[in-house]
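These are the residues of each chain, in order.
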Amino acid sequence: QVQLVESGGGLVQAGGSLRLSCAASGRTFSNYAMGWFRQAPGKEREFVGGISSSDSTYYADSVKGRCTISRDNAKNTVWLQMNNLKPEDTAVYYCAARLFIITTRQHQYNFWGQGTQVTVSS
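A quick note: this is a predicted structure, and the numbers were derived from the prediction, not measured. (Residues numbered from 1 in each chain as written. Predicted model: local features only at pLDDT ≥ 70, side-chain atom pairs only at ≥ 80, totals over all residues. Heavy atoms only, no water.)

1. A look at the state of the cysteines
We count it as follows: Criterion for a disulfide: a pair of cysteine sulfur atoms at a distance within 2.5 Å. Elements are defined by DSSP. Helices are runs of H or I of four residues or more, strands are runs of E of two residues or more, and each kind is numbered from the N terminus. Relative accessible area decides the class of each residue, using a 1.4 Å probe on protein chains only: under 20% of the type maximum gives buried, over 50% gives exposed, and in between gives partly exposed.
Taken as a whole, this structure holds one disulfide when the rule is applied. Across the disulfide from Cys 22 sits Cys 95; the S-S distance is 2.0 Å. Between Cys 22 and Cys 95 the disulfide shows an S-S torsion of about 60 degrees. By sign, it is right-handed. Residue Cys 22 is found in strand E3 (residues 18-26), and its partner Cys 95 is found in strand E9 (residues 91-99); the two are separated by 73 residues along the sequence. Left without a disulfide partner, Cys 67 is nearest to the cysteine sulfur of Cys 95, which lies 15 Å away. Of the residues examined, Cys 67 reaches a relative accessible area of 6% and is grouped as buried.

So this is what it looks like as structure tokens:
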């Protein structure tokens, strides 16, 4: 089992920045690819970006250039840095884990956090 806990969400004005954290415990964190997803009210959960166990990153087009994902295996933590936030970024953000390789398909992730709310005001 891998337990994931997100933090860092909150209310921010458009154009602002937030850094979300996902702390992991359980199995060897370095073996896991970590994905970030979000779910806005009334919408399906969508892929935001991810980082593989070898530190390769991949981002959805909607956030590319505004978001950066990084990890520190010694701290069992992955971060999602979000800049130039827009009202359409408002959502509950989730981190998820699966072995080694990023995928955009949420059903291929084995472990999920509880989510953290991000609200961007205009």
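Here the narrative resumes.
2. Section: the pattern of salt bridges
Short version of the rule: In the sections that follow, a salt bridge refers to a side-chain nitrogen of Lys or Arg positioned within 4 Å of a carboxyl oxygen of Asp or Glu.
Scanning the entire structure with this criterion turns up four salt bridges. Across the pair Asp 61 and Lys 64 runs a salt bridge, and its minimum N-O distance is 3.1 Å. Residue class for Lys 64 comes out partly exposed when judged on its relative accessible area of 48%. Arg 66 is paired through a salt bridge with Asp 89; the nearest N and O atoms lie 2.7 Å apart. Here Asp 89 lies in the loop between strand E8 (77-82) and E9 and Arg 66 lies in the loop between strand E6 (57-59) and strand E7 (67-72), a separation of 23 residues in the sequence. In terms of burial, Arg 66 and Asp 89 fall into one category: buried. Sharing partners across several salt bridges, the network here consists of Arg 38, Glu 46, Arg 66 and Asp 89.

3. Structural notes on the pairing of strand E4 (residues 32-39)
Side-chain positions along a regular strand alternate between the two faces of the sheet. This is how the line gets drawn: Strands pair, by our definition, only if DSSP identifies at least two bridges between them.
Counted residue by residue, E4 has seven buried out of eight residues, so it is predominantly covered. In this structure, E4 lies alongside E9, joined through eight bridges in antiparallel fashion. Of the residues in E9, the one forming a bridge with Gly 35 is Ala 96. As paired elements, E4 and strand E5 (residues 46-51) share five bridges and run antiparallel to each other. Following the sheet pairing, Trp 36 is matched in E5 by Gly 49. Counting the residues in the hairpin turn of E4 and E5 gives six residues, including Gly 42, whose phi is positive at 75 degrees.

4. Here we look at the packing of aromatic side chains
One pair of aromatic rings is described through two measures. These are the centre distance and the angle between the planes. Keep this limit in mind: Aromatic contacts are taken between Phe, Tyr and Trp rings whose centres are within 6.5 Å, Trp giving its six-membered ring; a plane angle under 30 degrees counts as stacked, one over 60 as edge-to-face, and the others as tilted. By definition here, charges over rings are those cases where NZ of Lys or CZ of Arg is within 6 Å of the ring centre and within 35 degrees of the ring normal.
For the structure shown, the criterion picks out seven aromatic pairs. Ring centres of Tyr 94 and Trp 112 lie 6.4 Å apart, and the angle between their planes is 75 degrees; this geometry places the pair in the edge-to-face category. Of this pair, Tyr 94 sits in strand E9 while Trp 112 sits in strand E10 (residues 111-112), placing them 18 residues apart in sequence. Assessed through its relative accessible area of 14%, Tyr 94 is described here as buried. Under the relative-accessibility criterion, Trp 112 is labelled partly exposed at 26%. Ring centres 6.2 Å apart and planes at 65 degrees place the aromatic pair Tyr 109 and Trp 112 in the edge-to-face group. Chaining the aromatic ring pairs together yields one cluster made of Phe 37, Phe 47, Tyr 58, Tyr 94, Tyr 109 and Trp 112. We note Arg 45 situated over the ring of Tyr 94; from NZ or CZ to the ring centre the distance is 4.9 Å. For the cation-ring pair, Arg 71 lies above Phe 29, with the distance from its terminal atom to the ring centre recorded as 4.5 Å.

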